[in-house]
Amino acid sequence: EITGGADLSEQFNVAAGDLEMEPGMIAVIDPERPGGLRLSERAYDPRVAGVISGAGGVKPGMLMGQRGTEADGEVPVALTGRVYCWVDASNGPVEPGDLLTTSDTPGHAMRVDDPSRAHGTILGKAMTGLAEGRGLVLVLVALQ
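Residues numbered from 1 in each chain as written. Predicted model: local features only at pLDDT ≥ 70, side-chain atom pairs only at ≥ 80, totals over all residues. Heavy atoms only, no water.

Enquirer: I'd love a proper account of the overall build of the protein, names of residues and values included.
Expert: Helices and strands together make up the secondary structure of the protein, namely one helix and 11 strands. A compact globule built from 144 residues should have a C-alpha radius of gyration of about 15 Å, and the protein, at 14 Å, falls within 12% of that. Dimensions of the protein, computed from C-alpha atoms along their principal axes, come out at roughly 45 × 35 × 25 Å. For the protein, the residues scored as buried account for 47% of the 144 residues in total. Within the protein, counting contacts between residues at least 6 apart in sequence, those at least 24 apart form 66% of the total. Put simply, the protein shows about 7,100 Å² of open surface, and 51% of that area lies on carbon and sulfur atoms. (Helix = DSSP H or I, 4+ residues; strand = E, 2+ residues; numbered from the N terminus. Rg over C-alpha atoms; globule rule 2.2 N^0.38 Å. Buried < 20%, exposed > 50% of the residue type's maximum accessible area, 1.4 Å probe, protein only. Contact = heavy atoms within 4.5 Å. Areas by Shrake-Rupley, 256 points an atom, 1.4 Å probe, with all protein chains shown as cover.)

Enquirer: How would you summarise the environment of Gly 97 if you had to cite specific residues and measurements?
Expert: Relative to the elements of secondary structure, Gly 97 occurs in the loop between strand E7 (75–88) and strand E8 (99–102). Here Gly 97 falls in the partly exposed class, since its relative accessible area comes to 42%. C-alpha of Gly 97 to C-alpha of Val 14: the two residues are 83 residues apart in sequence and 28 Å apart in space. Excluding residues that lie within four positions of it along the chain, Gly 97 makes contacts with Lys 125 and Ala 126.

Enquirer: I'd like a rundown of unusual backbone geometry, residues and numbers included.
Expert: In this model, Tyr 44 sits at a positive phi of 55°, which is unusual for a non-glycine residue. Looking at Tyr 44, the relative accessible area reads 8%, which means it is buried.

Enquirer: Summarise the pattern of salt bridges; cite the residues concerned and give the values.
Expert: One pass over the structure, following the stated rule, counts six salt bridges. As a salt-bridge pair, Arg 42 and Asp 45 come within 3.3 Å of each other at their nearest N and O atoms. A salt bridge links Arg 134 to Asp 88; its shortest N-O distance comes to 3.5 Å. Of the two residues, Arg 134 is situated in strand E11 (residues 134–142) and Asp 88 in strand E7; the sequence distance between them amounts to 46 residues. (Salt bridge = Lys/Arg side-chain N within 4 Å of Asp/Glu carboxyl O.)

Below, the structure written as structure tokens:
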């Protein structure tokens with residue numbers, strides 16, 4: 001389904017636990033639910049899968065999935081393209097071009113500060129910055 005937005009998303013079922021799920025949060029593979037995802041909860045998580053699409057008014061550009069199978073779900077998760085993502089700049093400011101990974105703040109990304117831990121945990125590159133605190137950053141999703 002082509003919708004005219006800015007990312008390629010696939011529909012997943014995403015577990016939020018006690019958190020309130022919202023667009024822009026990071027999802028990781030859920031080892032307890034085949035084909036399912038859950039919100040990220042730890043830094044440098046190699047299970048990173050994508051960003052819940054729709055934050056900042058940027059909707060999915062293309063939605064993929066197959067209804068009635070494990071390749072279906074309720075939540076569009078951006079696998080590639082441009083999407084706004086929640087970022088925590090507590091570990092340092094984020095600048096355009098910085099590599100981003102999961103953080104200890106649930107559902108949030110952070111700037112990669114330890115390249116030795118980054119392999120397989122990269123969500124993508126920041127396209128806008130965040131000097132401090134938590135906020136939305138435009139990200140070019142490119143899982144690595």
